[in-house]
Amino acid sequence: MPLGRERAVGGAELGGVSRRTFYRWQELGHGPAAFKLPNGELRVWRSDFTTWLRQLEAAA
């Protein structure tokens, strides 16, 4: 995996969010900005994921 990138699923698990919840949030447009690879997997920039988590913490 290239530096600076984290698989959406791995990032979701690190954030304490289940894979299903993360993908559902993506479907609803509530997750961090993600892009799809040619094989269909989602990727999220690590900085975008961290920013998104911090925003959730601030809102809680």
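So, how was this worked out
- Residues numbered from 1 in each chain as written.
- Predicted model: local features only at pLDDT ≥ 70, side-chain atom pairs only at ≥ 80, totals over all residues.
- Heavy atoms only, no water.
- Helix = DSSP H or I, 4+ residues; strand = E, 2+ residues; numbered from the N terminus.
- Buried < 20%, exposed > 50% of the residue type's maximum accessible area, 1.4 Å probe, protein only.
- Areas by Shrake-Rupley, 256 points an atom, 1.4 Å probe, with all protein chains shown as cover.
- Contact = heavy atoms within 4.5 Å.
- Phe/Tyr/Trp six-rings, centres within 6.5 Å; stacked < 30°, edge-to-face > 60°.
- Pairing = 2+ DSSP bridges.
- Salt bridge = Lys/Arg side-chain N within 4 Å of Asp/Glu carboxyl O.

1. Regarding the overall build of the chain
What the chain contains, in helices and strands, is 3 helices and 3 strands. Starting at the N terminus and ending at the C terminus, the chain contains elements arranged as β-α-α-β-β-α. For the chain, buried positions account for 22% of its 60 residues. On the chain, roughly 4,200 Å² of surface is accessible, and the fraction owed to carbon and sulfur atoms is 53%.

2. Structural notes on the environment of Trp 25
Here Trp 25 shows up in helix α2 (residues 19-28). Other than its neighbours up to four places away in sequence, Trp 25 contacts Val 17, His 30, Gly 31, Trp 52 and Leu 56.

3. Description of the packing of aromatic side chains
Aromatic ring pairs are reported here in terms of the distance separating the ring centres and the angle at which the planes meet. Applying the stated rule across the entire model yields 3 aromatic pairs. When the ring of Trp 25 is compared with that of Trp 52, the centres are 5.5 Å apart and the planes differ by 70°; the resulting orientation is edge-to-face. One end of the pair, Trp 25, is in helix α2; the other, Trp 52, is in helix α3 (residues 46-59), and 27 residues separate them in sequence. Trp 52 sits in the buried class, given a relative accessible area of 7%.

4. Thoughts on the pairing of strand β3 (residues 42-45)
Pairing between strand β2 (residues 35-36) and β3: 2 bridges, direction antiparallel. Each residue of the ladder has a partner; that of Lys 36, found in β3, is Leu 42. A loop of 5 residues connects β2 with β3, the two strands running antiparallel in sequence, and Gly 40 in this loop sits at a positive phi of about 95°.

5. A short note on the pattern of salt bridges
Applying the stated criterion across every chain yields a total of 2 salt bridges. Between Glu 27 and Arg 20 there is a salt bridge, with the nearest N and O atoms lying 3.8 Å from each other. Exposure class is identical for Glu 27 and Arg 20. Each is exposed. According to the relative accessible area criterion, Glu 27 is exposed, its value standing at 53%.

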